[in-house]
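# Chain and residue survey
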Amino acid sequence: MVEVHQLVGFFVVACFAVGWIWGLAAWIARRDPGERFWVWVTIAQVVVGIQALIGVVVYLLGHRAPTLLHYAYGVFPIVAFAIAHLVARRPDFRERPWVVFGWVAFICFGLTLRAVMTGFAV
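Not measured: the values here are computed from a predicted model.

Definitions and cut-offs
Residues numbered from 1 in each chain as written. Predicted model: local features only at pLDDT ≥ 70, side-chain atom pairs only at ≥ 80, totals over all residues. Heavy atoms only, no water. Helix = DSSP H or I, 4+ residues; strand = E, 2+ residues; numbered from the N terminus. Rg over C-alpha atoms; globule rule 2.2 N^0.38 Å. Buried < 20%, exposed > 50% of the residue type's maximum accessible area, 1.4 Å probe, protein only. Contact = heavy atoms within 4.5 Å. Areas by Shrake-Rupley, 256 points an atom, 1.4 Å probe, with all protein chains shown as cover. Lys, Arg positive; Asp, Glu negative; His and termini not counted. Charge placed at Lys NZ, Arg CZ, Asp CG, Glu CD. Axes fitted to C-alpha atoms, helices over the stretch in contact; angles between N-to-C directions. Parallel < 35°, antiparallel > 145°, perpendicular 65-115°, else oblique. Left-handed = near helix turned anticlockwise from the far one by under 90°. Nonpolar A, V, L, I, M, F, W, Y, C, P; charged D, E, K, R; others polar. Polar contact = N/O pair within 3.5 Å; in protein donor to acceptor, adjacent residues only side chain to side chain.

All right, on to the overall build of the protein chain then. When its secondary structure is counted, the protein chain shows 4 helices and 0 strands. Whereas a compact globule of 122 residues would reach a radius of gyration of roughly 14 Å, the protein chain reaches 15 Å, a difference of no more than 12%. Overall size of the protein chain, expressed as C-alpha extent along the three principal axes, is 45 × 25 × 20 Å. Counting every position in the protein chain, which comprises 122 residues, the buried fraction comes to 33%. Relative to all contacts within the protein chain whose residues are 6 or more apart in sequence, the contacts with residues 24 or more apart total 76%. Summed over all atoms, the accessible surface of the protein chain reaches about 7,800 Å², with 72% contributed by carbon and sulfur. Computed over 9 positive and 5 negative side-chain charges, the inter-centroid distance for the protein chain is 5 Å.

Shown next, in the form of C-alpha cells:
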C-alpha cells in the first residue's frame, strides 16, 4: 500500500504541474483556458482526495512518515481547493475564476513535490 501511495503521489505532483503550466499559458496568451481546464480541476480534486484516503489507510496500517511536515503537505491541497472555490466566486474573479485555481496548482505543485521528498526520507 505504501508503494501505491508513492506512485499516486508522483501523479499528484504531475497533475498540479499540468494545472499551473496551463494557467500560466492562458495568462500569457490572455485567453480563457477553456472548458477542459475545469475538467482538470475536477480530476485534480478527485486525485487529491484518493491520495489522502490512501494516506489514511497507510497510516492506519502502522506506517509513519519520517516528519510531520509530510502530513501537512498532504492536507494542504484539500484546504487550498476549498478556499479556491470560495475565492473564485468573489466579484474580483467573476471574469477569470480560473486564475485562482492556477495559483492553487502552482502552490500545491511545490508543496506536494516536497511531500514526495519528505515521504522518501529515511
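Moving on: the packing of helix α1 (residues 2–29) against helix α2 (residues 35–60). For the pair α1 and α2, interaxial distance at closest approach is 9 Å and the crossing angle is 155°. As summarised for this structure, α1 and α2 are arranged roughly antiparallel, according to the angle between their axes. As for the relative orientation of α1 and α2, their crossing is left-handed in sense. In the contact of α1 with α2, the residues fall into 16 nonpolar, 6 polar and 1 charged.

One can describe the packing of α2 onto helix α3 (residues 69–88) by two numbers: an axis separation of 10 Å at closest approach and a directional angle of 150°. Seen from above, α2 lies across α3 with left-handed handedness. Judged by residue contacts, Ala44, Gln45, Val48, Ala52 and Tyr59 of α2 engage Tyr71, Pro77, Ile78, Phe81 and His85 from α3. Class assignment of the residues belonging to the contact of α2 with α3 gives a composition of 8 nonpolar, 2 polar and no charged.

Turning to the side chain of Thr112, a few remarks are in order. Relative to the assigned elements, Thr112 resides in helix α4 (residues 98–120). At 2.7 Å, the side chain of Thr112 forms a polar contact with the backbone oxygen of Cys108. In terms of polar contacts, Thr112 uses its side chain to reach the backbone carbonyl oxygen of Phe109, at 3.3 Å.

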